[in-house]
Amino acid sequence: MHWLSRRAVVTTALFLIALLAGCQKIELEKAEGTKLAWDDLRGQWVLVNYWAEWCKPCLEEIPELNQLNKAPNITVLGVNFDEVKGESLVALGKRMGIDYPMLVQDPGPEFDWQRPVALPATFVVNPDGDLLEARFGPQTEDDIRALIGG
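First things first, this report covers the structure right here in the doc.

Basis of the calculations
Residues numbered from 1 in each chain as written. Predicted model: local features only at pLDDT ≥ 70, side-chain atom pairs only at ≥ 80, totals over all residues. Heavy atoms only, no water. Disulfide = S-S within 2.5 Å. Salt bridge = Lys/Arg side-chain N within 4 Å of Asp/Glu carboxyl O. Helix = DSSP H or I, 4+ residues; strand = E, 2+ residues; numbered from the N terminus. Buried < 20%, exposed > 50% of the residue type's maximum accessible area, 1.4 Å probe, protein only. Core = buried A, V, L, I, M, F, W, Y, C linked by side-chain atoms within 4.5 Å. Contact = heavy atoms within 4.5 Å. Axes fitted to C-alpha atoms, helices over the stretch in contact; angles between N-to-C directions. Parallel < 35°, antiparallel > 145°, perpendicular 65-115°, else oblique. Nonpolar A, V, L, I, M, F, W, Y, C, P; charged D, E, K, R; others polar. 1 Å grid on protein atoms, 1.4 Å probe; cavity = no way out; pocket = protein on both sides within 12 Å on 5 of 7 lines; lining within 4 Å. Points joined across faces, edges and corners; volume = space filled by probe spheres on them.

Now for the state of the cysteines. The tally for this structure, following the rule as stated, stands at one disulfide. Between the sulfur atoms of Cys 55 and its disulfide partner Cys 58 the distance amounts to 2.3 Å. The sign of the S-S torsion, about 80°, decides the handedness of the disulfide formed by Cys 55 and Cys 58: right-handed.

What follows is about the pattern of salt bridges. Where side chains of opposite charge bring their charged atoms close, a pairing between them can arise. Evaluated as defined, the whole model comprises six salt bridges. Residue Lys 25 is joined to Asp 39 by a salt bridge in which the shortest nitrogen-to-oxygen separation is 3.3 Å. With Lys 25 in the loop between α1 (2-21) and β1 (27-29) and Asp 39 in the loop between β2 (35-37) and β3 (45-51), this residue pair connects regions lying 14 residues apart in the sequence. Classification of Lys 25 by relative accessible area gives exposed; the value is 61%. A salt bridge links Arg 145 to Glu 141; the shortest N-O distance between them is 3.1 Å. In this pair, Arg 145 and Glu 141 both sit in helix α5 (residues 141-148), four residues apart, roughly one turn of the helix. A relative accessible area of 22% places Arg 145 in the partly exposed class.

Counting residues in each nonpolar core, the largest one holds 40 residues, and the members touching the most others are Trp 38, Leu 47, Tyr 50, Trp 51, Ile 74 and Leu 77. Counting residues per element, the ones that place at least two in this core are β3, α2 (56-69), β4 (74-80), α3 (86-96), β5 (102-103), β6 (121-125) and α5. Ranked by residue count, the leading element in this core is β3, at six residues. Excluding residues within four positions of it along the chain, Leu 77 makes contact with Leu 28, Leu 36, Trp 38, Leu 41, Val 46, Leu 47, Val 48, Asn 49, Tyr 100, Pro 101 and Leu 103.

It is worth spelling out the packing of α2 against α5 at this point. Closest axis-to-axis distance for the α2/α5 pair is 9 Å, and the angle between their directions is 45°. By the angle between their directions, the pair α2 and α5 is classed as oblique. In this structure, α2 uses Glu 64, Gln 67 and Leu 68 to contact α5, whose residues at the interface are Glu 141, Ile 144 and Arg 145. Across the contact of α2 with α5, the residue classes tally to two nonpolar, one polar and three charged.

Before going further, it helps to examine empty space enclosed by the protein. Throughout the structure, instances matching the rule amount to one cavity of 30 Å³ or more. Its volume calculated, the largest cavity comes out at about 30 Å³. What lines the largest cavity is Trp 38, Leu 41, Arg 42, Gln 44, Val 46, Val 125, Asn 126, Pro 127 and Gly 129. Looking at the lining of the largest cavity residue by residue, the class counts come to five nonpolar, three polar and one charged.

Written out as C-alpha cells, the structure reads:
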C-alpha cells in the first residue's frame, strides 16, 4: 500500500510538471519597456508587422496599420527588422509615424515562425492565437479586413 501511494504521488507530480511546462506564459516587451502578455491578445486579431526604416513599402503601409490598430478587435505589433532597441526604437517609431506598439525583439522564435526574408511582412494571427498566414508587401486596411472578414 505504501508503494502504491508513493507511485501515485510521483505520477501526479510528473503530470503537474508536464502540465505547467505547457502553460508557459509568453510576455513580449514593448519599446517603452512595458510587458505585453500574449494571452491577453486572445479574442482579437493580431498583426505582427516586420518593418525597417530603409523599406519604402514599409513607410507606405504605416498609416493603414495605424488605422487597423484603432479597431477594438485588432492589435498591430511592430517588429523592427534591424533590431533597433530602447530609446532609439521609440524615437525611430515617432519619426516614422508609428502609433501602434513596437516590440523590442522578434516574437517569431516563441511561435516557431520563420524570420521573413522580404519586407514588409505581416503575420496575421487569428483570435484563437493561431497563425493564419504571412503576407508580404504593403498591406492596406481593406486587404486585411477582407482577409479577416470585416
